[in-house]
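# Summary of structural features
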Amino acid sequence: SIPLGFFSGIGAASKRGILVKGGNHLEALQQLDTVVFDKTGTLTEGVFEVVELKAVHGSEDELLRVAATVEQHSNHPIAKSIQRMYARHASVSTAVQDYQEVAGSGVTGRFGTDQIQAGNARWFKELGLTPLDQTEDGTYVHVAQNDSYLGFIRIADRIKDTTVEALDGLKALGIRQTIMLTGDRRETAEQIGRQIGITQVKAELLPDQKVEQLEAILYQANGRVAFVGDGINDAPVLTRADVGIAMGGLGSDVAIEAADVVLMTDEPKQLVEAIRIARATRRIVY
Ligand code: ADP
Ligand code: MG
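Along each chain, the written sequence defines residue order, and numbers are assigned to residues from 1. Here every chain gets a letter starting at A, and every ligand a number starting at 1, in the order they are written. This being a predicted model, a pLDDT of at least 70 is required before a residue's local features are given, and a value of 80 or more before pairs of side-chain atoms are given or counted; all residues contribute to the totals for chains, interfaces and linings.

## Some points on the domain arrangement of the chain
Spelled out, the test is: In this document the domain limits rely on a domain assignment from an automatic tool or a database. Note on contacts: each residue gets a C-beta atom placed from the backbone, and two residues are in contact if those atoms are within 7 Å. Counting from the N terminus, the helices are the DSSP runs of H or I reaching at least four residues and the strands are the DSSP runs of E reaching at least two. Each residue is assigned to one class: nonpolar for Ala, Val, Leu, Ile, Met, Phe, Trp, Tyr, Cys and Pro, charged for Asp, Glu, Lys and Arg, and polar for all the others, Gly among them.
When the domains of the chain are assigned, the result is domain 1 (4-45 + 159-282) and domain 2 (49-156). The partner domain 2 presents eleven residues to the 13 residues of domain 1 that form the contact. When contributions to the side of domain 1 that touches domain 2 are tallied by element, the ones reaching two or more residues are α3 (39-43) and α8 (186-196). Each residue belonging to the side of domain 1 that touches domain 2 can be placed in one class, and the counts come to three nonpolar, seven polar and three charged.

## Focus on the sheet that holds strand β4 (residues 49-55)
Inclusion rule: Paired strands, as defined in this entry, are two strands with at least two bridges between them according to DSSP. Lines fitted to C-alpha atoms define the axes here, with helix axes fitted over just the stretch in contact, and angles between the N-to-C directions of these axes take values from 0 to 180 degrees.
Read from one edge of the open sheet, six strands run β4-β9-β8-β7-β6-β5, paired in antiparallel fashion. Every other strand in the sheet has two partners, leaving β4 and β5 (96-102) as the edge strands with one partner each. The sheet shows a mean angle of 15 degrees between the axes of neighbouring strands, direction not considered. Where strand β6 (residues 106-111) lies against strand β7 (residues 114-119), six bridges are found, and the strand directions are antiparallel.

## Considerations on the nonpolar core
What counts is decided by this rule: By definition, a nonpolar core groups buried Ala, Val, Leu, Ile, Met, Phe, Trp, Tyr and Cys residues that connect through C-beta atoms lying within 7 Å of each other. Neighbour counting defines burial: a residue surrounded by 20 or more other C-beta atoms within 10 Å of its own C-beta is buried, one with 12 or fewer is exposed, and intermediate counts give partly exposed, using backbone-placed C-beta atoms.
Membership of the largest hydrophobic core comes to 49 residues, with the highest contact counts inside it found for Val 36, Ala 226, Phe 227 and Ile 245. With six residues, the single largest contributor to this core is helix α12 (residues 269-279). Filtering out sequence-adjacent residues up to four positions away, Val 36 remains in contact with Ile 179, Leu 181, Leu 214, Ile 217, Val 225, Ala 226, Phe 227 and Ala 241. Core analysis: the next-biggest nonpolar cluster, separate from the first, contains 24 residues, Phe 48, Tyr 140, Ile 153 and Ile 155 among them.

Written out as structure tokens, the structure reads:
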């Protein structure tokens, strides 16, 4: 192919919906050894559907209402999905006080005199709540009210249409390893990992542990390391990688600002295109 200067490389990328914020990032993409991915919203759509509602106290409608009430202020893909599910029934009351988002765990807040939590099993156990066993596929959102366990909402996400194509493309380009870092539970993460053919899966990570994992990956890499994420609970990892890549559509504004490269259509296969363009590009030395 025709050698392009870094300026024309950036132009060629932008025509394909890939925003590259400087020639140095194209150079880093030429030397890529490892690509690390966030799962939710990056490899998967981040748009969950309810698979099962299980109430141990009260009705299933009540369970969904309690969850939707406490999730209404969160931008997490899980929260947005629960908001959407409940909006089909009714609108949520807005009076949540002492709202707190616990990154990688869940959300908590007070509605009237009721203290509510919605989040994962690890966090519920830490809070002294006893969640039901997670025996099926998918992501479990456990719900509690006033220290009493109400039940769970089991939800499922879809792998993006171009995820497998992207991982195959990276392999074909000689990228040595692809790694998933996720806060989701191990069974779900590993199942998705097998379906898409990723080299390694590291699951059940808190936001700090994602940073530690990335640092270990940087240390043992034979070249540059890219991280691809949506910025929800992974912005620190995005800034730590040699090349931070954000999803432009689904991603948070913070991620888009912090990133070196933005994939405007949210398709993982755009990364393969970005590497091809980078490799066709030469630094012009004056
Ligand atoms: P990922 O690495 O898959 O993007 P996160 O680090 O954002 O995941 O979250 C990890 C886990 O924490 C989720 O799988 C979920 O169990 C729980 N969690 C995070 N935010 C929320 C929320 N708003 N509501 C319920 N659960 C949440
Ligand atoms: Mg995330």
